[in-house]
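Results of the structural survey
Chain residues, written in single-letter form:
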Amino acid sequence: MLGAYQKAIPVLRNVLQEEPGLSDAPILLAEAFSRTGARAEARKTLEQALADQPGLLRARLQLAGLDEEEERWAAAAEEYARALAISPGSADITRRRAIALLRAGDPATARDLL
């Protein structure tokens, strides 16, 4: 499976160059980077995509997921807050933010969310 992700990276990079507005391309590229252990590249790809299109919900959630994998709980909570601004009222994102806040040591804010 790792080989498939490694093969996908150059293909997805080409897609990004040829179709820069295609919102799925950076998300898929970041996923491929993450699956091959290149988390810094995944983060950079998502951050660039969000700089161009701040309303990409899937990219926000994927970035929050990277933060969680790296146990950067406060950063994950911030990304979930940004995701909630895109998708207000999402119970799933609210729950994820509350968990990140708890792990970041902010139970009061987490409680207020729930």
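Owing to the predicted nature of the structure, the values given are computational and were not obtained by experimental measurement. (Residues numbered from 1 in each chain as written. Predicted model: local features only at pLDDT ≥ 70, side-chain atom pairs only at ≥ 80, totals over all residues. Heavy atoms only, no water.)

Regarding the overall build of the protein
Defined as follows: Only runs of H or I of at least four residues qualify as helices and only runs of E of at least two qualify as strands under DSSP, and these elements are numbered from the N terminus. Burial status follows relative accessibility: with a 1.4 Å probe on protein chains alone, a residue under 20% of its type maximum counts as buried, one over 50% as exposed, and anything between as partly exposed. In what follows, a contact means two residues having at least one pair of non-hydrogen atoms within 4.5 Å. Calculation of accessible area relied on Shrake-Rupley with a 1.4 Å probe; when residues are assessed, cover is drawn exclusively from the protein chains displayed.
For the protein, the count of helices and strands is seven helices and zero strands. Reading the secondary structure of the protein in the N-to-C direction produces α-α-α-α-α-α-α. If you line up the protein on its principal axes, its C-alpha atoms span 45 × 25 × 20 Å. Taking all 114 residues of the protein together, 36% fall into the buried category. Of all intrachain contacts in the protein linking residues separated by at least 6 positions in sequence, the fraction that spans at least 24 positions is 37%. Total accessible area on the protein is roughly 6,600 Å²; 51% of this is exposed by carbon and sulfur atoms.

A look at the pattern of salt bridges
A side chain with one charge can pair with a side chain of the opposite charge if their charged atoms come near. Selection rule: Salt bridges are defined by distance alone: a side-chain nitrogen of Lys or Arg within 4 Å of a carboxyl oxygen of Asp or Glu.
In the structure shown here, the tally under the stated rule is 12 salt bridges. For arginine 58, the salt bridge is made with aspartate 24, and the minimal N-O distance between the two is 2.9 Å. A residue pair is termed long-range when its members are at least 10 positions apart, and arginine 58 in helix H4 (residues 57-69) and aspartate 24 in helix H2 (residues 24-35) qualify at 34 residues. When the shortest N-O distance is used, the salt bridge between glutamate 78 and arginine 82 registers 3.9 Å. You can see glutamate 78 and its partner arginine 82 sitting in helix H5 (residues 73-86), four residues apart, about one turn around the helix. By relative accessible area, arginine 82 is classed as partly exposed at 37%. Ionic contacts of the salt-bridge type, sharing partners, join the residues Arg43, Asp67, Glu70 and Arg72 into one network.

Some points on the packing of aromatic side chains
Worth spelling out the cut-off: Pairing of aromatic rings covers Phe, Tyr and Trp, the last counted by its six-membered ring, and requires centre-to-centre distances within 6.5 Å; plane angles under 30 degrees mean stacked, over 60 mean edge-to-face, and any other angle means tilted. By definition here, charges over rings are those cases where NZ of Lys or CZ of Arg is within 6 Å of the ring centre and within 35 degrees of the ring normal.
The tally for this structure, following the rule as stated, stands at zero aromatic pairs. The lysine or arginine in question, arginine 103, covers the ring of tryptophan 73, its NZ or CZ lying 4.9 Å from the ring centre.

Topic: the nonpolar core
Formally: We define a nonpolar core as any set of buried Ala, Val, Leu, Ile, Met, Phe, Trp, Tyr and Cys residues linked to one another through side-chain atoms lying within 4.5 Å.
Residues Leu46 and Ala59 are the most contacted members of the largest nonpolar core, which totals 16 residues. Within the residue set of this core, elements represented by two or more residues are helix H1 (2-18), H2, helix H3 (39-52) and H4. Ignoring sequence-local partners within four residues, the contact set of leucine 46 consists of Pro26, Ile27, Ala30, Ala59, Gln62, Leu63 and Leu66. Listed in part, the 11 residues of the second largest apolar core include Tyr80, Leu84, Ile93 and Ala110.

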